[in-house]
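Chain residues, written in single-letter form:
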Amino acid sequence: MIVYGYVRVSSAEQNEDRQLVAMQEKAVPKKNIFMDKQSGKDFERRGYKRLVKKMKAGDILYILSIDRLGRNYEEIQRQWRFLTKEKGIDICVIDMPLLDTRQGKDLLGTFIADLVLQILSFVAQTERENIKKRQAEGIAAAKAKGVKFGRPEIPIPDDFGSIVKKWQKQQLSLQKVLEKCGMSEATFYRRLREYRLLGE
């Protein structure tokens, strides 16, 4: 029997310390802690896939909370069943002692654990959808106030037309054109298309 831990944060900027401390308290060896720094919308995660390949029947997996496993209701249910039923792994959710498959293996215990899992995975997905909704609302409100997202648009130089004509007559190399316009090649061709559409 080998003890493993899984840690996930949604982005590189988020801090995983609280989860790592919880793993240390459960005496999970450092080499057996697998981590991902990406969204929990699905299970296409490098760390998680490596972990699943490593684990064998009888092993124990610790996670701090169910939303660290994932935030998609159906996917959490599917992965839980796959790990516990098909691979024969025990899972212990540290923040929710009822979700410890080593306990209550009788019919009532299994029923309670399944019920708690369904509720928590539903909450995890609802929270993910709320986060996305809040982000969309925040972006919409910022745009309404005139906040620009993405890189600032590079203005077309006043002599863009004459630069283009010289380039077309091969009097200027593309490299010189890009230098004069202060643009990348992709931006130049995009602005050229816009310029032509508006009429030279």
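Here the structure is shown first, and the text comes after it.
**Side note on a nonpolar patch on the surface**
Taken together, the side chains of Leu115, Ile119, Phe122 and Val123 define a hydrophobic patch exposed on the protein surface, amounting to about 380 Å² of accessible area. As for its placement among the helices and strands, Ile119 is situated in helix 5 (residues 107-144).

**So, the sheet that holds strand 4 (residues 90-93)**
Here four strands make up an open sheet; going across it, the order is 2-1-3-4 and the pairing parallel. What marks the edges here is a single partner per strand, and that holds for strand 2 (33-37) and strand 4. Put simply, the sheet's adjacent strands are angled 20 degrees from each other on average, direction ignored. Both strand 3 (residues 60-63) and strand 4 contribute to a ladder of four bridges, which runs parallel.

**Side note on the packing of helix 6 (residues 160-168) against helix 7 (residues 174-181)**
Orientation of helix 6 relative to helix 7, taken along the N-to-C sense of each, is 170 degrees, at an axis distance of 10 Å. Between helix 6 and helix 7, the crossing angle belongs to the class labelled roughly antiparallel. Contacts from Phe160, Ile163 and Trp167 of helix 6 reach helix 7 at Leu174, Val177, Lys180 and Cys181. For the contact of helix 6 with helix 7, a count of residues per class yields six nonpolar, no polar and one charged.

**What about the nonpolar core?**
One finds Tyr48, Leu51, Leu61, Ile66, Leu69, Trp80 and Leu83 to be the most contacted residues of the largest nonpolar core, which totals 21 residues. Among the secondary structure elements, those contributing two or more residues to this core are strand 1 (3-9), helix 2 (46-54), strand 3, helix 3 (66-69), helix 4 (73-86), strand 4 and helix 5. If sequence neighbours within four positions are ignored, Leu61 has contacts with Tyr4, Gly5, Tyr6, Leu51, Met55, Leu83, Ile89, Asp90, Ile91 and Cys92. Listed in part, the twelve residues of the second largest apolar core include Ile163, Val177, Met183 and Phe188.

**Concerning the packing of aromatic side chains**
By the definition in use, this model includes seven aromatic pairs. Through a chain of ring-to-ring contacts, three or more aromatic side chains come together here, namely Phe160, Trp167, Phe188 and Tyr189. In this structure, Arg45 packs its charged tip against the face of Phe43, placed 4.5 Å from the ring centre. Looking at Arg45, its charged tip hangs above the ring of Tyr48, at a distance of 5.7 Å from the centre.

**Some points on a positive patch on the surface**
A cluster of basic residues, Lys31, Arg46, Arg50, Lys54 and Lys56, forms a positive patch at the surface. With respect to the secondary-structure elements, Lys56 resides in the loop between helix 2 and strand 3.

**Some details on the environment of Gln14**
By secondary structure assignment, the location of Gln14 is in the loop between strand 1 and helix 1 (17-25). With 23 residues separating them in the primary sequence, Gln14 and Lys37 have C-alpha atoms 8.1 Å apart. There is a polar contact of 2.8 Å between the side chain of Gln14 and the backbone nitrogen of Ser10.

**Comments concerning the side chain of Arg191**
Relative to the helices and strands, Arg191 is located in helix 8 (residues 185-198). When its relative accessible area of 10% is taken as the criterion, Arg191 is described as buried. Here Glu194 takes part through its side chain, which lies 2.8 Å from a polar atom of the side chain of Arg191. If we skip the residues at most four places from it in the chain, Arg191 touches Glu153, Ile154, Pro155, Ile156, Phe160 and Met183.

**Some thoughts on the side chain of Gln77**
Mapped onto the fold, Gln77 is located in helix 4. Its relative accessible area of 10% is what places Gln77 among the buried residues. Those residues in contact with Gln77 that sit more than four places away from it in its chain are Leu117, Gln118 and Ser121.

**As for the pattern of salt bridges**
For the structure on display, the rule yields seven salt bridges. The partner of Arg78 in a salt bridge is Glu75, with the nearest N and O atoms 2.5 Å apart. Of this pair, Arg78 and Glu75 both sit in helix 4, three residues apart, which is roughly one turn of the helix. Since its relative accessible area comes to 42%, Arg78 is described here as partly exposed. Residues Glu194 and Arg190 are paired through a salt bridge, measuring 3.3 Å at the closest nitrogen-oxygen approach. You can see Glu194 and its partner Arg190 sitting in helix 8, four residues apart, about one turn around the helix. Under the relative-accessibility criterion, Glu194 is labelled partly exposed at 30%. Classification of Arg190 by relative accessible area gives partly exposed; the value is 32%.

So, how was this worked out
Residues numbered from 1 in each chain as written. Predicted model: local features only at pLDDT ≥ 70, side-chain atom pairs only at ≥ 80, totals over all residues. Heavy atoms only, no water. Patch = residues over 30% accessible without salt bridge, like charges linked within 9 Å, V, L, I, M, F, W, Y side chains within 5 Å. Areas by Shrake-Rupley, 256 points an atom, 1.4 Å probe, with all protein chains shown as cover. Salt bridge = Lys/Arg side-chain N within 4 Å of Asp/Glu carboxyl O. Helix = DSSP H or I, 4+ residues; strand = E, 2+ residues; numbered from the N terminus. Pairing = 2+ DSSP bridges. Axes fitted to C-alpha atoms, helices over the stretch in contact; angles between N-to-C directions. Parallel < 35°, antiparallel > 145°, perpendicular 65-115°, else oblique. Contact = heavy atoms within 4.5 Å. Nonpolar A, V, L, I, M, F, W, Y, C, P; charged D, E, K, R; others polar. Core = buried A, V, L, I, M, F, W, Y, C linked by side-chain atoms within 4.5 Å. Buried < 20%, exposed > 50% of the residue type's maximum accessible area, 1.4 Å probe, protein only. Phe/Tyr/Trp six-rings, centres within 6.5 Å; stacked < 30°, edge-to-face > 60°. Lys NZ or Arg CZ within 6 Å of the ring centre and 35° of its normal. Lys, Arg positive; Asp, Glu negative; His and termini not counted. Charge placed at Lys NZ, Arg CZ, Asp CG, Glu CD. Polar contact = N/O pair within 3.5 Å; in protein donor to acceptor, adjacent residues only side chain to side chain.

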